[in-house]
Every structure is written in structure tokens, then in C-alpha cells.
Amino acid sequence: MANYHYDEAGNMAAYFLISVLSIILVPMTLSTVTRIAARCPQDPKGCQCKLCIEQRRQILAKTRGSPLKVMLTKRTLSVLLGWSIVGFLAYRVANTQDESKVYNPFDILGISTGTSEKDIKSHFKKLSKLYHPDKVKATINQTVEEIEKRFVDITKAYKALTDDTIRRNYELYGHPDGRQEMSMGIAIPSWVVEGKNNIWVLGIYGLLVGGVLPGMVGKWWFGNRGRTKEGVSAKTAEGFWKGLTEASGITEVCKVFVNAFKHERVSKAGSDLHKVEGEIEKRLGKDWSELKSLLVDEASTRALVLLYAHFLRLELGSKELLEEQKSLLLQTPLLLNAYLSIASARNWLSPTLAVMRLHAYIAQAVVPGRRGPQAQLPGFAPDAVAEEEVDDLSDVVRQLREAGDERAEEAQKALGSLCSLDVVDMRFKVIGERVVTPSSIVFLLVKLRLKDLSSSPVDATKSESAEAEESPVNDAIDEKFLHSRRDAEEIDVGDTGFAHAPYWPGLRKPGWWLVLADDKSNRIVVPPLKITDVPLSDPSRERNYRSYKLQFQAPANVGLFTWKVYFVSDTFIGGETCRDIVLKIDDVSALNVEEQHLEDEISDPEEDTLAGQMAAMRGGPVKRVPVAEEDSDDSSTDDGDEGDSSDSD
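Note that the structure is predicted; figures quoted are calculated from it, not measured.

Peer 1: How do you make sense of the overall build of the protein when you look at a structure like this?
Peer 2: When helices and strands are tallied, the protein shows 23 helices and ten strands. Evaluated residue by residue, the protein yields a buried proportion of 37% over its 649 residues. Taking the intrachain contacts of the protein between residues at least 6 apart in sequence as the baseline, contacts between residues at least 24 apart amount to 67%. For the protein, the accessible area works out to roughly 39000 Å², and carbon and sulfur atoms hold 55% of it.

Peer 1: Would you explain the confidence of the model for the protein in this entry?
Peer 2: Should pLDDT be low for a region, the predicted coordinates there are not to be read in detail. Summing up the model confidence of the protein, the mean pLDDT is 79 and the portion of residues at 70 or higher is 76%. Counting interchain partners and residues more than four positions distant, the pLDDT-below-50 stretch residues 456-467 has eight contacts. Below pLDDT 50 for its whole length, residues 628-649 participates in zero contacts with residues either more than four positions away or in separate chains.

Peer 1: Help me understand the packing of helix α11 (residues 250-258) against helix α15 (residues 319-345) in this model?
Peer 2: Helix-helix packing: each pair is described by the crossing angle between the helix axes and the interaxial distance. In contact at an axis separation of 11 Å, α11 and α15 are set at 120° when each is read in the N-to-C sense. For the element pair α11 / α15, the angle class is oblique. For the pair α11 and α15, the sense of crossing is right-handed. From α11, Val253, Val256 and Phe257 reach across to α15, where they touch Thr332, Leu335, Leu336 and Tyr339. Counted by class, the contact of α11 with α15 contains six nonpolar, one polar and no charged residues.

Peer 1: Sorry if this is basic, but what is going on with the packing of aromatic side chains here?
Peer 2: Any two aromatic rings considered together are summarised by their centre-to-centre distance and by the angle between their planes. Here the structure, examined in full by the defined rule, presents nine aromatic pairs. Taking 5.9 Å as the distance between ring centres and 75° as the angle between the ring planes, the aromatic pair formed by phenylalanine 428 and phenylalanine 552 counts as edge-to-face. In this pair, phenylalanine 428 is assigned in strand β3 (residues 420-429) and phenylalanine 552 in strand β8 (residues 546-553), connecting sequence segments 124 residues apart. Summarising the burial analysis for this pair, phenylalanine 428 and phenylalanine 552 share the class buried. Stacked on the ring of phenylalanine 380, the Lys or Arg arginine 407 has its end atom at 4.3 Å from the ring centre. Of note, lysine 509 hangs over the ring of phenylalanine 498, and the distance from its end group to the ring centre comes to 5.1 Å.

Peer 1: Looking at this structure, how should I read the pattern of salt bridges?
Peer 2: Opposite charge on two side chains permits pairing when their charged atoms draw close. Tallied over the full model, the rule gives 23 salt bridges. One salt bridge connects lysine 242 with glutamate 238, and the closest N-O pair in it is separated by 2.8 Å. Highlighted residues: lysine 242 and glutamate 238, both in helix α10 (residues 234-243), separated by four residues, approximately one helical turn. Salt bridges sharing partners connect three or more residues here, namely Lys447, Asp478, Glu489 and Arg543.

Peer 1: Got a minute to help me understand the environment of isoleucine 280 in this structure?
Peer 2: Structurally, isoleucine 280 is set in helix α12 (residues 274-284). Here isoleucine 280 falls in the buried class, since its relative accessible area comes to 0%. Spatially, the C-alpha atoms of isoleucine 280 and valine 305 are 7.8 Å apart, while their sequence positions differ by 25 residues. Beyond its immediate chain neighbours, meaning those up to four positions away, isoleucine 280 contacts Gly285, Trp288, Val305, Tyr308, Ala309, Leu312 and Leu314.

What counts as what
Residues numbered from 1 in each chain as written. Predicted model: local features only at pLDDT ≥ 70, side-chain atom pairs only at ≥ 80, totals over all residues. Heavy atoms only, no water. Helix = DSSP H or I, 4+ residues; strand = E, 2+ residues; numbered from the N terminus. Buried < 20%, exposed > 50% of the residue type's maximum accessible area, 1.4 Å probe, protein only. Contact = heavy atoms within 4.5 Å. Areas by Shrake-Rupley, 256 points an atom, 1.4 Å probe, with all protein chains shown as cover. pLDDT = per-residue confidence, 0-100. Axes fitted to C-alpha atoms, helices over the stretch in contact; angles between N-to-C directions. Parallel < 35°, antiparallel > 145°, perpendicular 65-115°, else oblique. Left-handed = near helix turned anticlockwise from the far one by under 90°. Nonpolar A, V, L, I, M, F, W, Y, C, P; charged D, E, K, R; others polar. Phe/Tyr/Trp six-rings, centres within 6.5 Å; stacked < 30°, edge-to-face > 60°. Lys NZ or Arg CZ within 6 Å of the ring centre and 35° of its normal. Salt bridge = Lys/Arg side-chain N within 4 Å of Asp/Glu carboxyl O.

Written as C-alpha cells, this is what we have:
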């Protein structure tokens, strides 16, 4: 029969609490340490112009601060408190006496297991003289009950080794008193189930289960229900969808984008923006009036003013306004990514490229739509319109140097971090096939690297793409990469440094989007692929590039498809590359006999399966099941029947 008892000492509950707290605290501690390490970065590598150096200094001063300010956050204090509780519970468990020890009379008497009965009796007499209650005087740390219990244990141990009945109980049941009740502990203290505490216990239980838990679930549910998978408000996404048209350019995209802040949470400083707005209107004139006329609410108007103050690089004159502008700018990548998802979902090329380009205008603090990529160089105004179209910033720096312009030195430093994307090779590949057949799975394989604009131009006569194509080793690496699940080849990229973006409120790494599009129909073929961590050109490396892949399904009809591949930068204005590419779809007859047979084996279902019957109903090809053995069996049966009939005749 089992004897149940509650954990008065709390020993069993301590094991449970240690386990639960460890499950919570271990991942929480790892993430906290990672955050602290991220907030204490080393001096980063990046653009060496004065503006960028000063920007990095200010960012590092804010993120580092004092060590106590970095470490003593609410999250850190919670982790420390949790581990303190775990340490206290572990100490308590370690110093708790084990009440479930196995009964051993030899240990109680202090003798070895091979001691003879004569020696046991002699030893018991000695112990009796030492520990008999009548001969022991209680000390400060002892009670009479403890002294009596010790002597009773010694007597039981002696009898367990000398008395036949008691020894039989010990040998059969492991205890001199015979069979013992099974003791099972419940890891809660007894006061929890006492009648006088029922109301309090039920009240706390009802509060947790009926109040706190539903409140947490409801807060999570209603908070996420109003947001998309990109993390923006559903009303914001609806505004993007309705405001987007097939012909939307950078100006139209920017107008729709500003309205998004009406439904987003942006910290408000409460300071007056009339002076800043007056300066913007003075610089932009009629364009500002048209922009402002589209906005009807205060939140969108305030966001528009702060955003264009960033574009025009205006002094806000208030620390609170600077923090509000910083919060707004750091929220723009999330909103623009949601905007891009909607544009690419509708397969419209023009608005998709416009949203991508808006990233760079915000990063470089340049008025969207204004021609003149030189505005991102130090010393150039953000709203200046170029007298003539400029495509190569290195030409601008060269002209400044020839003219003896004082801006040439800083512009040269900034040009060193404005790397150009170099397309080494670009082709369509189908795994295991020489040609692309209708509806096959195709990979657009591109090989990219970064080229320093400040360095001397590369010799155009050297065909590096041919070098990348002809190497058997490279082909084997490419084939392995195509079979992998990653979009980018796994290589050691190294530290490419932070980009030149002195007006962006953070450290920024450059990135690009790969867009495969049919510009004749203004459609994108497949959703864009974001490209990051492109390595710098290093001629000493055997593979002086990194491979990326974009997967899609080939068109169902045969022919030539002339498309374009766009590489659009999210950081540099004008850092865009466009290449023509042709996809040739061949008929299955272009494959050899073995490849055609393999294609048939893979694609055509058998006629006796459900898929084969459905394909036959649609008029599609099916594989017939061989019936030669059945025919031979039938013919042999027929022959046997004829023989039997002839015998009967």
C-alpha cells in the first residue's frame, strides 16, 4: 500500500523549478549575450570620408555608452535574477539530506560486512556504553529525542544481524521491521490543499487561467491579426495595393509610400515643424504643394516633412525631432519591403524597380527622381539637378581633380566605398539536361563580385566569363551548388566594409536585387532575389566571384524569350546594372534517345493508376503496362482446353 505525502521541505519542487527555469534561461541568456556583443562592436571598416567617419563615431558612442548602461537592461536583470533563483535552489537541493537511503545495519554499527557474530556482539556492547540514553548527556545542538533515536537505530541494526526473526525480515524486505509502505511524494506543499486556503488557491488559479492567460493570447492574436507577414499594418498594405498602378514611377511610388505612416507606430516628439516645412517649400516650390495636397491627416503630413527634411539634409534644430526622424527612417526598410512584395506579386516591372530605387534615395538622402548620382558624393547638394546626365561617378571625381576642386579628395575617398557590381557570368541551367525543355525547372545562375570604382579600369580584352565557363572544376562546383538549397554559394566572403551612407542613421551594408523581367510587356518573370555579401574582386583567388541562383519554371511553349536581368542597388543611386539574356526553349525531340526515354519515364504516369486515368481523360500521354505474360498464359490455357476436348472425342 502506498503512502502519499506532500513535499513540506520543497525538495522535489526545487528539481521541477530548476528544470523549467533552465529551459527558459539558457536560450534567453545566449540571445542576451549576443545582443550585448552586438551593441559593443569593434571599430568597423568602411568609407574613409570625413562624413562617414564622424557618423560611425556618433553611432558607436551611442551604442557603446558606458558598460553598465549596455549591460544593465531589463532583459539582463531578468536573466541575472533567474540564474540567482536557480543557484539558490541548486544550493538548497545540494545541502538537503537524502531521506530515501537504503537501510544497511553494517553502516549503522560502523563495521564491515564480513564481521563475525562474536565481534558484532562485542562491538554492540561498546556502542551501548557510549550511546545509551542514560549515559549520554544532551549538548546544545542535541535533543533527548535524537539521542534515543540513535540508540534505537543501533539496537535494530544489532538485532538485524543476530536475531533470527529480525534478520529474516531484513533479508526478505530489506528492513528489520518487515514490509514497509511505499512512500510517494507530491511536489507541492501541504498548505496548498488545506481547506482553509481553498479560496485563495482557487482565486489565484482562476486569475491566471481565466485572466492572465487569455489576456496574453488575446493581445498576441489581435496584435498579429492586423498585420501582414512582412510586419506592417493591414491598412498600410491595403493602401500600397490600391495606390499602385502598372505605370507607377519613383514619384508616384514615393507619394503612396508616405501615406503608410498614417497606420504605423512612429514616436512623436510633439515639436513644431512649421519652420522646417517652410524651408522645404522654399526649396521645392510647386512640387511640395502637389505632394502635400495628397495628404489629409496629420501623421502622414508630419512623416512627409521629416522624410523630405532628410532628403534635403536640413537641420531640425531639436534633439527630439532628430530622434523622431531617426525612428521614421529606420522603419522605412520594413515598409519598403512590404511595398516591394505587393509590387512584385502583381508582376509589374516599373513600380517594382521604383520601390527598389527608393531604398537608395533614402539611404543617400537625395530627393527622389532628381537626376544626378553625384549628389551622394561629399560636397554636392541633395536637390541639385545635373546639367548633363552622369553615369560614371569616377568621371565626376576625375573632373573635380582636374579642375583643382577642394571636394575632389573627399569625393575620391567616398568613391572607394561606392563599389560597382561586376557580372562575371550569367546563364540558364537545367539540372541533368543539356537544353531547356518546356515547363522544366530552370536556374538562372549568376556569378558576381564587387569592383572598386576608384581603381584603374579592368582590361576589357580579358574574357573572365569564358574563364569561368570553361574550367571543369568550376563546372563541378556549379553543379553541386545547383543541387543545394541555398540561394548563394557558401564561400568565405571576408569583411567588405560598410557602405558610404553618411546620412543614414545606422551602419549599412550594400545589397542588390536580382530581377528577371520582360521589359517589352512590363512584367517580371519571377519574384526578385535579394543579393548580399558580394565579395570584393581578388585576382589571387581561383574563383574570383560568388555564385547566386534564381529558380523558376520555364514557359510551356517552345521558342526564344528575350528578357533582361536587372541588378538594382539598395544603397547606391545609379548602382544599377542591366543585361540582356535569351532563354531558348527546345522541344523534347532535341534530346537524344536516352534523355527522351528518361524524360518519358519521369513525366508520363502509368495507365492503370489514378493519375494515368486522369491524364488519359485529358488526352495526355500515359505509359502502358506490359501484358505479354498474361497473353501467353491465356494461350497456354486455351491450348490445354483444346487438348482436353480432343481426348474426350
